[in-house]
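Chains, contacts and geometry: an overview
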Amino acid sequence: RLRERYGTDVDVIWSDDGIAFRFPDTDDIPGTEDLIPDPEELEPLLTEHLADSAMFAARFREAAGRALLLPRRRPGQRTPLWLQRRRAADLLSVARQFGSFPIILETYREILQDDFDVPSLREVLSDIRARKIRIAEISTESPTPFASSLLFAFVAAYLYEGDTPLAERRAAALTLDREMLRELLGEGELRDLLDADQLATLELELQRLTEERQARGTDGIADLLRFLGPLSTDDIELRTKETDVAAALGELGDSRRVIEVTMKGEHRWAAVEDAGRLRDALGTQPPAGVAHVFLEPVDDPLGDVVGRYARTHGPFTVEAAASSLGLPVGVVATALRRLDEQRRVVQGAFRPGGVDLEWIDSDVLRTLKRRSLSALRSEIEPVTGDALGRFLPVWQGVTDEPPTGRGPLLELVRRLQGAEIPASVLLGDVLPIRHRDPESVLDQLMIEGELVWAGRGTLGARDGKLALYFRDQLPLLWVPPVGEPPDDDLHRAIRDHLDQRGASFFKAIYLACGGGDVGAVLDALWDLVWAGEVTNDTFAPVRAFGRARRSKSSGRPSVAARFPAHSAGRWSLVKDLVDDVIEPPSGTQQATAWTHQLLDRHGIVTRQSVAAEGLPGGFTSVYPVLQHLEETGRARRGYFIERLGGAQFALPGAVDRVRSGPQDTITILASTDPANPYGAALDWPAIDDGRIGRIAGTYVILADGHLVGFLDKRRLRTFDLDVDRNTMVASAIARLGDRSRTLRIESIDGLPASQTPLGRVLGEVGFAPALRGLSYRS
């Protein structure tokens, strides 16, 4: 892939420690997305470029030697390696003209099946796409210890690059019969793909052993013998119902519609139309009195008999067919090869759990594939909403043991950017359950200019909604908040100062407003912050804002006086960051960016999830982009989750993961957390009194994705909570208490907390009786 991209050779060397690439002189260094192929394109890429490798030439030489295609000039004397290479190169120069040359196919088979662990690599790539494995992209000034050993090996490998043997150089011009290679390698996969239950059912149907396919009456028995061939009386009775078999066979025999023959030493009944065919294929002598027309020779009696056996059975071995027909194995094998040339049968590994190569009728294989696919589709029927509640937290990186460091924080911000989250919830709940030490790393990234934040609306006096962005993504994802911006004298003064002077500390802003009440100027500044007009180059003032108290100073304070903590940092206009691009993004570019962002955040995008994001234009604005992603194979459309409509688009890895089974886990999320699907993609449960919603300071309790509890300040409401899960739920609430440090539960389902079964379990995990309810003590 990299050679095709750069149009020149890209050197590579690998070992158990890693892989090293040497790129041509370029400023366009590829990222992880260029180095990680999709699982579906793995085998085609390998097949296409395998002939360029030295391994192919070496394996070809070995295979040709085993096939005695490289004979020794004098028996008893060894041939030098250089001469073996020359002879192998000469043979390859001729064989490359024929893509179906057996030794070439054997070389591919040996490498792909014996040398390469392709199934494991495909599994790793699938886990990367499903986000079970995370890729971290890191730049270093000097090689790591692993990289150092690779670089040393790199020099040694390419020191004599021009001395490549002739066979390796000529292998690049190899042509290949891809269809034959698929027949050689690809059918082996069917053993794992075909459904064993569907195969068993199909074999019963082909043998007319299922109730709906059993024969009835005299005509039914005659048709049965024409379809299955000669059968004993007992076999016929197994395949008929509501019929006197002995009387029916007597009637058919008297009318000469069936005849009695001897096969493998036992008496069987056969359709009279098969008299000549059985005679010529199996040597069965027809009884006297058979009409001459039924004794006429047919074109291929053996092929007809063996083909009928294949047509009425599932995958079978040559030995099984020979034993059933009473023929030598070699005769049956020859007949099957002739049928294979006519595309009537196929050889491969088909039976689940089998070990030998089998034969199967082409039509039977098509039916089996179709039914197996139908069975697979039944397994991927839409899942319930609980599965979405189980999937989203895992997809968004919620874990009991969050990682630490710069890379994981960048990854979680990449997934959350643009989401409107209350500041108190972001700092106290959303980030801590995804990262162990988010605040220090977040501040560092903002100081470096990697990340920015912007207000998205106020929530009372001490809180507001905000969103995080990568600086380079802000112009694409920025959506101005709805509503009229604040516009009194102080607001205009702050706005004009930042517009003319650029980023400024609060001291300069305060002086530009003419001094006066510090609290009034600071409140006006934060009005502009929550309106989405002003931001800061650090996150410290957001943390301090929730703890600050309005300063009501009288008179004109000294300019040198200490300003409140939530005034720290440099303030700037958001529009300066949005407009800081060479060319403003078009509407299509913004819709594309938002579509990718929604897929990255939710994994499965539905009309409801887009509506919950508050995106202007709603689902209609991103639907054309989703359609294009589906057409190009980068997203899948389907009915994945019940009751969310048919227009659902998902990343391939998300589809596999949302269908994973139950895990019996308890998860507590802030109700406004983007990982909580309730109140967004999923509806809240119906309640008789009170209300529940995505409100700052409230929490949802999910048991394996199912909503079992809603914690609103000091009141806990439960929904279908199994008493067997009380201990797990109580432990999860205790972990929430460790994080929030102050947690008191006064009532559970309208009753005093200490008088409920769950309340008594809470007392065992750190909650103690208080003046009102139960209070948590770490």
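What you see is a predicted model, and the numbers here were worked out from it, not measured in a lab. (Residues numbered from 1 in each chain as written. Predicted model: local features only at pLDDT ≥ 70, side-chain atom pairs only at ≥ 80, totals over all residues. Heavy atoms only, no water.)

Now for the overall build of the protein. On a plain count of helices and strands, the protein comes out with 36 helices and 24 strands. Its C-alpha atoms give the protein a radius of gyration of 37 Å, more than 25% over the compact-globule value 28 Å for 778 residues. Reported as C-alpha extents along the three principal axes, the dimensions of the protein are approximately 130 × 75 × 50 Å. Accessible surface computed for the protein: about 40500 Å², of which carbon and sulfur atoms make up 50%. Mean positive and mean negative side-chain charge positions of the protein (95 and 117 charges, respectively) differ by 3 Å. (Helix = DSSP H or I, 4+ residues; strand = E, 2+ residues; numbered from the N terminus. Rg over C-alpha atoms; globule rule 2.2 N^0.38 Å. Areas by Shrake-Rupley, 256 points an atom, 1.4 Å probe, with all protein chains shown as cover. Lys, Arg positive; Asp, Glu negative; His and termini not counted. Charge placed at Lys NZ, Arg CZ, Asp CG, Glu CD.)

By the alternation rule, side chains of strand β19 (residues 715-718) split into Leu716 and Thr718, which are all buried, and Arg715 and Arg717, of which none is buried. Strand direction decides the pairing type here: strand β18 (residues 706-712) and β19, joined by 4 bridges, are antiparallel. By the bridge assignment for β19, Leu711 is matched with Leu716. Linkage of β18 to β19, two consecutive antiparallel strands, is achieved through a turn of 2 residues, within which Lys713 is found at a positive phi near 55 degrees. (Buried < 20%, exposed > 50% of the residue type's maximum accessible area, 1.4 Å probe, protein only. Pairing = 2+ DSSP bridges.)

It is worth spelling out the sheet that holds strand β12 (residues 570-573) at this point. Within a beta sheet, neighbouring strands are joined by backbone hydrogen bonds and run either parallel or antiparallel to one another. The 3 strands are arranged β10-β12-β11 in an open sheet whose pairing can be described as antiparallel. Two strands close off the open sheet at either side, each with one partner strand: β10 (504-505) and β11 (534-536). Here β11 pairs with β12 via 3 bridges, running antiparallel. Residue pairing across strands places Val534 opposite Leu573, the latter belonging to β12. Contacting β10, β11 and β12, helix α26 (residues 489-501) runs over the sheet at an angle of about 90 degrees to β12. (Contact = heavy atoms within 4.5 Å. Axes fitted to C-alpha atoms, helices over the stretch in contact; angles between N-to-C directions.)

The contact between helix α22 (residues 406-416) and helix α31 (residues 587-602) brings their axes to 7 Å, and the two run at 120 degrees. In terms of orientation, α22 and α31 fall into the oblique class. In this structure, α22 uses Arg414, Arg415 and Leu416 to contact α31, whose residues at the interface are Gln597, Asp600 and Arg601. Taken together, the residues of the contact of α22 with α31 break down into 1 nonpolar, 1 polar and 4 charged. (Parallel < 35°, antiparallel > 145°, perpendicular 65-115°, else oblique. Nonpolar A, V, L, I, M, F, W, Y, C, P; charged D, E, K, R; others polar.)

Residues Trp453, Phe506, Trp526, Phe539, Trp571, Ile733 and Ile745 are the most contacted members of the largest nonpolar core, which totals 70 residues. Considering every element that reaches this core, the biggest residue donor is helix α28 (residues 518-530), with 9 residues. Ignoring any residue separated from it by four or fewer positions in sequence, one finds Trp453 in contact with Met446, Leu466, Ala467, Leu468, Trp526, Val529, Thr535, Asn536, Thr538, Phe539, Val542 and Trp571. In this structure, Val383, Ile433, Ala681 and Leu707 belong to the second largest nonpolar core, which totals 28 residues. (Core = buried A, V, L, I, M, F, W, Y, C linked by side-chain atoms within 4.5 Å.)

With a phi close to 65 degrees, Arg643 is a non-glycine residue in the positive phi region. Mapping Arg643 onto the fold places it in the loop between β14 (636-638) and β15 (648-650). In this structure Arg643 comes out as exposed when scored by relative accessible area, which is 76%. The phi angle at Asp664 is positive, at roughly 55 degrees, despite the residue not being glycine. Looking at the element boundaries, Asp664 is found in the loop between α34 (652-658) and β16 (666-670). The partly exposed category is assigned to Asp664, whose relative accessible area is 45%.

Where helix α17 (residues 301-311) meets helix α18 (residues 318-325), the axes come as close as 11 Å, and the angle between the chain directions of the two elements is 115 degrees. Between α17 and α18, the angle is such that the two are roughly perpendicular. Our pair here, α17 against α18, has a crossing hand that is right-handed. Residues Val305, Val306 and Tyr309 of α17 lie in contact with α18, whose contacting residues are Ala320, Ala321, Ser324 and Leu325. For the contact of α17 with α18, a count of residues per class yields 6 nonpolar, 1 polar and no charged. (Left-handed = near helix turned anticlockwise from the far one by under 90°.)

Moving on, we come to the sheet that holds strand β7 (residues 421-422). Spatially, β7-β9-β8 is the arrangement adopted by the 3 strands of the open sheet, whose pairing is antiparallel. Pairing within the sheet leaves two strands with one partner each, and these edge strands are β7 and β8 (451-458). Note that β7 and strand β9 (residues 464-470) share 2 bridges and pair antiparallel. Bridge pairing links Ile421 to Leu466 in β9. In the packing of α28 onto the sheet, the strands contacted are β8 and β9, and the crossing angle to β8 comes to about 100 degrees.

Our focus in this paragraph is the packing of aromatic side chains. In total, this model carries 16 aromatic pairs according to the counting rule given. Grouped by ring-pair contacts, the aromatic residues Trp526, Trp530, Phe545 and Trp571 constitute a single cluster. We note Arg456 situated over the ring of Trp478; from NZ or CZ to the ring centre the distance is 5.1 Å. The ring of Phe545 has Arg462 sitting right over it, with the charged end atom 4.6 Å from the ring centre. (Phe/Tyr/Trp six-rings, centres within 6.5 Å; stacked < 30°, edge-to-face > 60°. Lys NZ or Arg CZ within 6 Å of the ring centre and 35° of its normal.)

With that settled, the discussion passes to helix α12 (residues 196-206). Of all the positions in α12, only Leu199, Leu202, Glu205 and Leu206 are classed as buried. Axial view of α12: buried residues confined to an arc of 125 degrees, hence all on one face. At the N-terminal boundary of α12, the capping side chain belongs to Asp195, with an oxygen 3.0 Å from the backbone nitrogen of Asp197. One or two positions beyond α12, positive phi appears at Arg208, with a value near 55 degrees. (Arc of directions from axis to C-beta. Polar contact = N/O pair within 3.5 Å; in protein donor to acceptor, adjacent residues only side chain to side chain.)

With that settled, consider the confidence of the model for the protein. In this model, the protein carries an average pLDDT of 86, and 91% of its residues clear a pLDDT of 70 or more. This stretch, residues 162-178, has a pLDDT under 50; its non-local contacts, to residues over four places away or in other chains, come to 42 contacts. (pLDDT = per-residue confidence, 0-100.)

With 13 residues, helix α19 (residues 329-341) ought to run about 18 Å at 1.5 Å a step, and its terminal C-alpha atoms sit 19 Å apart, in line with that. Looking at α19, one finds that the buried residues are Val332, Ala333, Ala335, Leu336 and Leu339. Down the axis of α19, the buried side of the element spans an arc of 165 degrees, and every buried residue falls inside it. On the buried face of α19, the contacting elements are α17, α18, β5 (345-348) and β6 (358-361). (Expected span 1.5 Å × (residues − 1).)

Let us now look at the pattern of salt bridges. For the coordinates displayed, the defined rule picks out 45 salt bridges. A salt bridge links Asp114 to Arg109; its shortest N-O distance comes to 3.5 Å. Members of the salt-bridge network, linked through shared partners, are Arg59, Glu62, Arg66, Glu106, Arg109, Glu110, Asp114 and Asp115. (Salt bridge = Lys/Arg side-chain N within 4 Å of Asp/Glu carboxyl O.)

What follows is about a nonpolar patch on the surface. Together, Trp14, Ile19, Phe21 and Leu35 line one region of the surface with nonpolar side chains, adding up to about 440 Å² of accessible area. Tracing the chain through its elements places Leu35 in helix α2 (residues 32-35). (Patch = residues over 30% accessible without salt bridge, like charges linked within 9 Å, V, L, I, M, F, W, Y side chains within 5 Å.)

Of all the 7 residues making up β9, 6 are buried; the element is thus mostly covered by neighbouring parts of the structure. Bridge count for β8 against β9 is 7 bridges, and the pairing is antiparallel. The partner of Leu451 across the bridge, within β9, is Phe470. Adjacent in sequence and paired antiparallel, β8 and β9 are bridged by 5 residues, among which Gly460 carries a positive phi angle near 75 degrees.

Within the fold, Tyr6 resides in helix α1 (residues 2-6). Judged by its relative accessible area of 18%, Tyr6 is buried. Considering only alpha carbons, one finds Tyr6 and Pro24, 18 residues apart in sequence, at a separation of 7.9 Å.

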